[in-house]
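An overview of the molecular structure
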Amino acid sequence: MLNLIYRHLIAKWRSLIKFINISWQKSPKFRFQPGSLPIAGAFITGLCLSLIFTACSAPSNVNSANGNNNPVSDTAPKEAKVVRFGYQKSLILLKAKGVLEKRFAPEGKSVEWIEFPAGPQLLEAMNVGSIDFGHVGESPPIFAQAAGAALTYVAGIAPSPAGSAILIPENSAIKQLSDLKGKKIAFQKGSSAHLLLVQALQKGGVQYSEIEPKYLPPSDARAAFVKGSVDAWVIWDPFYAAAQQATNARVLIDGTGINKQGGYYLGSRKFVTENPKTIKAILEEIQKLEEWSQQNREEVAKTLAPVLGIDLEIMQKATSRRSFGIVPIDDNLINLQQQVADTYYQLKLIPKQVNVRDAVLTKEQYAAFSPKV
């Protein structure tokens with residue numbers, strides 16, 4: 001490369017000397033005066049230095065491997081090498097089977113798993129940048145949006161209405177939904193259990209203001225339920241199945257005929273828009289695992305029982321009530337989710353009106369990574 005630069009400079013130098021000689025001979029105006037030689041030398045030296053710097057800067061735009069002088073573009077965003085995945089016990093199978101690790105290993109990517117007791121805590125972590133991706137029920141995204149979180153709906157989870165219920169103690173005097181008036185009811189605020197309670201109260205003709213809500217995460221709610229500190233508990237599987245066996249709790253009502261949607265897989269807006277290939281891979285692996293689970297419920301229960309520290313019988317019950325599969329984000333899901341948002345706003349449970357579409361991508365963006373389901 002330096003030899004090419006040297007030959008180029010020599011050629012330029014000779015051309016310049018030739019030009020000066022010709023000019024000198026043709027016109028006295030171009031003849032150097034006694035004090036002009038240093039000026040001419042400085043001019044020539046400066047020109048040569050300029051040529052050297054120009055030539056030496058050339059390699060930044062040269063492909064040394066193939067001699068291509070066209071600039072090499074490297075503007076495409078590089079996808080993340082680590083996926084921070086938030087999860088809850090209700091959907092721990094993805095972690096237990098290790099399918100994402102197997103999918104990403106050839107690409108040098110890894111997965112970090114962070115467990116949360118419920119959806120609101122998971123999305124709070126997403127909002128502050130602690131995780132990139134996760135799954136929750138239908139209510140947490142509404143509360144998160146109302147708090148200003150920059151999240152994005154990625155895919156829907158098939159609804160499992162029989163997998164959530166309002167539990168009451170075995171010897172409770174509560175017989176019907178209208179009996180919940182004036183009662184203390186434990187549930188995770190902003191969770192799918194919250195929505196089930198709201199919908200059940202409407203069905204029973206009870207105003208939300210007529211109950212005494214006790215906002216507790218699953219573990220604390222169970223303790224309160226066992227102690228008799230609350231009159232009812234709204235919960236989902238596998239906590240639901242475990243409570244049934246351990247406390248002989250009665251089911252006042254489950255989500256059958258009430259719940260029309262399941263939960264959602266969501267990601268931070270930045271992660272989803274910058275990592276479409278990663279999102280596509282995640283959804284493909286989730287869908288394959290869901291299809292396998294649908295046909296192998298017994299194996300699912302056997303896999304999860306030891307991981308969760310739950311008796312196999314309890315896990316079998318929870319698995320039998322669950323629907324498997326993911327669904328694409330479409331207008332139907334968006335409209336259902338908007339109804340959830342409007343309900344919470346009307347009850348003054350969120351501080352402002354939420355527009356669900358603010359957390360939705362374009363149809364073209366969804367088509368780029370959504371598996372055919």
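The structure contained in this document is the topic of the report that follows. (Residues numbered from 1 in each chain as written. Predicted model: local features only at pLDDT ≥ 70, side-chain atom pairs only at ≥ 80, totals over all residues. Heavy atoms only, no water.)

Examining the sheet that holds strand 8 (residues 232-236)
The following threshold applies: When DSSP finds two or more bridges between two strands, those strands count as paired. Going along the chain from the N terminus, every DSSP run of H or I of four or more residues is numbered as a helix, and every run of E of two or more is numbered as a strand. Working convention: axes come from line fits to C-alpha atoms, limited for helices to the stretch in contact. Angles between N-to-C directions cover 0 to 180 degrees.
Reading across the sheet, the five strands line up as 7-6-8-5-9 and stay open at both edges, with mixed pairing between neighbours. The open sheet has two edge strands with one neighbour each: strand 7 (212-215) and strand 9 (250-254). Pairs of neighbouring strands in the sheet enclose a mean axial angle of 30 degrees, with direction left out of account. Looking at chain direction, strand 6 (residues 184-187) and strand 7 are connected through four bridges and run parallel. Residue pairing for strand 7: Lys184 is matched across the bridge by Glu212.

Regarding helix 8 (residues 218-227)
What counts, and what does not: Burial classification: accessible surface area is computed with a 1.4 Å probe over protein chains only, and a residue below 20% of its type maximum counts as buried, one above 50% as exposed, and the rest as partly exposed. It is the directions from the helix axis to the C-beta atoms whose arc is reported. Contacts are assigned to residue pairs that have any heavy atoms within 4.5 Å of one another.
Three or more residues of helix 8 are buried, namely Pro218, Ala221, Ala224 and Phe225. Projection of helix 8 onto a plane perpendicular to its axis shows the buried side chains occupying an angular sector of 125 degrees, all on one side. Exposed and oriented more than 90 degrees from the buried face of helix 8 are Ser219, Val226 and Lys227. Of the surrounding secondary structure, the elements contacted by the buried residues of helix 8 are strand 5 (164-168), strand 6, strand 8 and helix 9 (239-247). With its phi angle positive at about 85 degrees, Gly228 sits one or two positions after the end of helix 8.

Describing the pattern of salt bridges
Stated formally: Salt bridge, as used here, is a side-chain nitrogen of Lys or Arg placed within 4 Å of a carboxyl oxygen of Asp or Glu.
Counting across every chain of the model gives 14 salt bridges. Across the pair Lys181 and Glu210 runs a salt bridge whose closest N-O atoms are separated by 4.0 Å. Taken as a pair, Lys181 in the loop between strand 5 and strand 6 and Glu210 in the loop between helix 7 (192-204) and strand 7 lie far apart in primary sequence, 29 residues in all. Lys181 sits in the partly exposed class, given a relative accessible area of 46%. The partly exposed category is assigned to Glu210, whose relative accessible area is 29%.

Let's talk about the nonpolar core
Applied cut-off: In plain words, nonpolar cores are sets of buried Ala, Val, Leu, Ile, Met, Phe, Trp, Tyr and Cys residues tied together by side-chain atoms within 4.5 Å.
Counting residues in hydrophobic clusters, the biggest one holds 104 residues, and the most contacted among them are Phe85, Tyr153, Ile166, Leu167, Leu180, Leu283 and Tyr344. Among the elements that make up this core, the one with the highest residue count is helix 7 (seven residues). Beyond its immediate stretch of four places on either side in the chain, Leu180 contacts Ile166, Ile174, Ile185, Leu201, Ile211, Ala232 and Leu252.

Overview of the packing of aromatic side chains
This is how it is decided: The pairing test for Phe, Tyr and Trp rings, Trp by its six-membered ring, is centres within 6.5 Å, and the orientation test on the planes gives stacked under 30 degrees, edge-to-face over 60, and tilted for anything in between. Lysine and arginine charges are scored as sitting over a ring when NZ or CZ, respectively, is within 6 Å of the ring centre and within 35 degrees of the ring normal.
For the structure on display, the rule yields 10 aromatic pairs. Taking the centre distance of 4.8 Å and the plane angle of 65 degrees together, the rings of Phe143 and Tyr344 count as edge-to-face. Note that Phe143 is positioned in helix 6 (residues 140-146) and Tyr344 in helix 14 (residues 331-346), a separation of 201 residues in sequence. Both rings, one in Tyr366 and one in Phe369, keep their centres 5.9 Å apart while their planes meet at 80 degrees; by these two values the pair is edge-to-face. Separated by three residues within a single helix, Tyr366 and Phe369 lie in helix 15 (residues 363-369), roughly one turn from each other. Cluster of aromatic residues (ring-pair linked, three or more members): Phe85, Tyr87, Trp113, Phe133 and Tyr265. Above the ring of Trp292, the side-chain terminus of Lys97 is found at 4.5 Å from the ring centroid. Residue placement shows Arg321 over the ring face of Tyr240; its charged tip is 3.8 Å from the ring centre.

Topic: helix 9
Residues Tyr240, Ala241, Ala242, Ala243 and Gln244 constitute the buried set of helix 9. Summarising the contacts, the buried residues of helix 9 are in contact with strand 5, helix 8, strand 8, strand 9 and helix 13 (312-320). Where helix 9 terminates, the next one or two residues include Asn248, which has phi positive at roughly 55 degrees.

Brief notes about the packing of helix 9 against helix 13
As a reminder, the rule being used: For classification purposes, an angle smaller than 35 degrees is called roughly parallel, one larger than 145 roughly antiparallel, one from 65 to 115 roughly perpendicular, and anything else oblique. Handedness of a crossing is defined here by the sense of rotation of the near helix relative to the far one, left-handed for an anticlockwise turn of less than a right angle and right-handed for a clockwise turn. Amino acids outside the nonpolar list (Ala, Val, Leu, Ile, Met, Phe, Trp, Tyr, Cys, Pro) and the charged list (Asp, Glu, Lys, Arg) are all regarded as polar, and Gly is one of them.
With their axes 8 Å apart at the nearest point, helix 9 and helix 13 run at an angle of 130 degrees to one another. It follows that helix 9 is oblique to helix 13 by the angle criterion. Between helix 9 and helix 13 lies a crossing whose hand is right-handed. Together, Ala241, Ala242, Gln244 and Gln245 of helix 9 and Glu313, Ile314, Lys317 and Ala318 of helix 13 make up the contact between the two elements. Partitioning the contact of helix 9 with helix 13 into residue classes produces four nonpolar, two polar and two charged.

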